[in-house]
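# Structure assessment
Each chain is listed here by its residues.
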Amino acid sequence: GAVVSQHPSRVICKSGTSVKIECRSLDFQATTMFWYRQFPKQSLMLMATSNEGSKATYEQGVEKDKFLINHASLTLSTLTVTSAHPEDSSFYICSARDRRHTGELFFGEGSRLTVL
Amino acid sequence: GIQVEQSPPDLILQEGANSTLRCNFSDSVNNLQWFHQNPWGQLINLFYIPSGTKQNGRLSATTVATERYSLLYISSSQTTDSGVYFCAASNSGYSTLTFGKGTMLLVSP
């Protein structure tokens, strides 16, 4: 299967700072990547769809000015949590579709954010 | 959007037992996947199965698209099978997946 990698896997930051999470497709090109958030003991909820070379599409209730998404190349999407607050603490996971594996989505390892 | 429901929410097994996890979805699908989320949070792809039956070792899955459900079978369970199993589906070719709430599986020695 295809490989999607995220970095960092864990990050702790102070309230008010910004944190950037990277999502890379290692062995394929991804014109579209998806960002999910997962709170403890809950399911994954889609935050936004990241499109290479264009603006991201955000799900209802997700603040686009707080969660900045940049998909600058066919192998890299970044999620920046701006002015982080403790309620932003969560597990963030990205995914991408490899067109060689029709329809199947592959997920990164996830990034656990803790805001103090 | 499509709704995905999983059952049971929790399952406790003795090592060596078999189990069946169910996933119901509200609309026709063109993508259905099963995942195992390990203790570190990583989602492991188990099956891509919008229809039909597949097997991989002790795991197998069946999706009956006309009746809008999918089943994941785990045979001869091992302690390493513990974790959360998610079913996720989509009904649009280029959209992402909608996840069910998962089944928390605990396999005890």
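Residues numbered from 1 in each chain as written. Chains lettered and ligands numbered in written order. Predicted model: local features only at pLDDT ≥ 70, side-chain atom pairs only at ≥ 80, totals over all residues. Heavy atoms only, no water.

## What to know about unusual backbone geometry
Of note, the bond from His7 of chain A into Pro8 of chain A is cis; its omega dihedral lies within 30 degrees of zero at 0 degrees. In this chain, Ser7 of chain B is followed by Pro8 of chain B through a cis amide linkage whose omega measures -10 degrees. As for its position among the elements, Pro8 of chain B is in the loop between strand E1 (4-7) and strand E2 (10-14). With a phi angle near 60 degrees, Lys41 of chain A is a residue other than glycine that sits in the positive phi range. Relative to the assigned elements, Lys41 of chain A resides in the loop between strand E4 (32-38) and strand E5 (44-51). The class of Lys41 of chain A is exposed, set by a relative accessible area of 83%. Look at Arg68 of chain B: it is not a glycine, yet its phi comes out positive at around 60 degrees. Looking at where Arg68 of chain B falls in the secondary structure, it is placed in the loop between strand E7 (59-64) and strand E8 (69-74). (Helix = DSSP H or I, 4+ residues; strand = E, 2+ residues; numbered from the N terminus. Buried < 20%, exposed > 50% of the residue type's maximum accessible area, 1.4 Å probe, protein only.)

## Looking at the side chain of Ser70 of chain B
Among the structural elements, Ser70 of chain B can be located in strand E8. Within the structure, the side chain of Ser70 of chain B is placed 2.9 Å from the side chain of Thr63 of chain B, a separation counted as a polar contact. (Polar contact = N/O pair within 3.5 Å; in protein donor to acceptor, adjacent residues only side chain to side chain.)

## Some details on the pairing of E5 of chain A
All names here are of chain A. Most of E5 sits out of view: six of its eight residues are buried. Pairing of E4 with E5 involves seven bridges; the strand directions are antiparallel. Looking at E5, one finds that Trp35 is bridged to Ala48. Hairpin geometry of E4 and E5 is characterised by an intervening segment of five residues between the two adjacent antiparallel strands and by a positive phi of about 60 degrees at Lys41. Pairing of E5 with strand E6 (residues 57-58), which is carried by two bridges, proceeds in the antiparallel orientation. Bridge pairing in E6 places Ala48 opposite Tyr58. Connecting E5 to the antiparallel partner E6 that follows it, the hairpin turn spans five residues, and Gly53 within it adopts a positive phi of roughly 80 degrees. (Pairing = 2+ DSSP bridges.)

## Some details on the interface of chain B and chain A
The parts lose accessible area when they come together, and the size of an interface is often stated as this lost area. Across the boundary between the two partners, chain B contributes 19 residues, which contact 20 residues of chain A. Of the roughly 1400 Å² buried where chain B meets chain A, counting both sides, 51% is carbon and sulfur surface. Linking chain B to chain A there are zero salt bridges. In this assembly, chain B and chain A are joined by seven residue pairs in polar contact (both at pLDDT 80 or more). Counting residues per element, the ones that place at least two in the side of chain B that touches chain A are strand E4 (31-37) and strand E5 (43-48) of chain B. (Contact = heavy atoms within 4.5 Å. Buried area = accessible area lost by both parts, 1.4 Å probe. Salt bridge = Lys/Arg side-chain N within 4 Å of Asp/Glu carboxyl O.)

## Focus: the sheet that holds strand E7 (residues 67-73) of chain A
Residues and elements named next belong to chain A. Reading across from one edge, E1-E3-E8-E7 is the order of the four strands in this open sheet, with antiparallel pairing throughout. The sheet is open, and its two edges are formed by strand E1 (4-7) and E7, each paired on a single side. The mean inter-strand angle of the sheet, taken between neighbouring strand axes irrespective of direction, is 15 degrees. With six bridges joining them, strand E3 (residues 19-25) and strand E8 (residues 76-81) adopt antiparallel strand pairing. Each bridged residue has a counterpart across the sheet, and for Glu22 the counterpart in E8 is Thr78. (Axes fitted to C-alpha atoms, helices over the stretch in contact; angles between N-to-C directions.)

## A few points about the packing of aromatic side chains
In the structure shown here, the tally under the stated rule is seven aromatic pairs over all chains. Between Tyr36 of chain A and Phe107 of chain A, the aromatic rings sit 5.6 Å apart at their centres with planes inclined by 50 degrees, giving tilted as the arrangement. Of this pair, Tyr36 of chain A sits in strand E4 while Phe107 of chain A sits in strand E10 (residues 105-107), and the two are 71 residues apart along the sequence. Under the relative-accessibility criterion, Tyr36 of chain A is labelled buried at 1%. Overall, the relative accessible area of 5% leaves Phe107 of chain A in the buried class. Its guanidinium or amino end placed over the ring of Tyr69 of chain B, Arg22 of chain B lies 4.2 Å from that ring's centre, counting from NZ or CZ. (Phe/Tyr/Trp six-rings, centres within 6.5 Å; stacked < 30°, edge-to-face > 60°. Lys NZ or Arg CZ within 6 Å of the ring centre and 35° of its normal.)

Any functional reading would require information beyond the geometric quantities listed.
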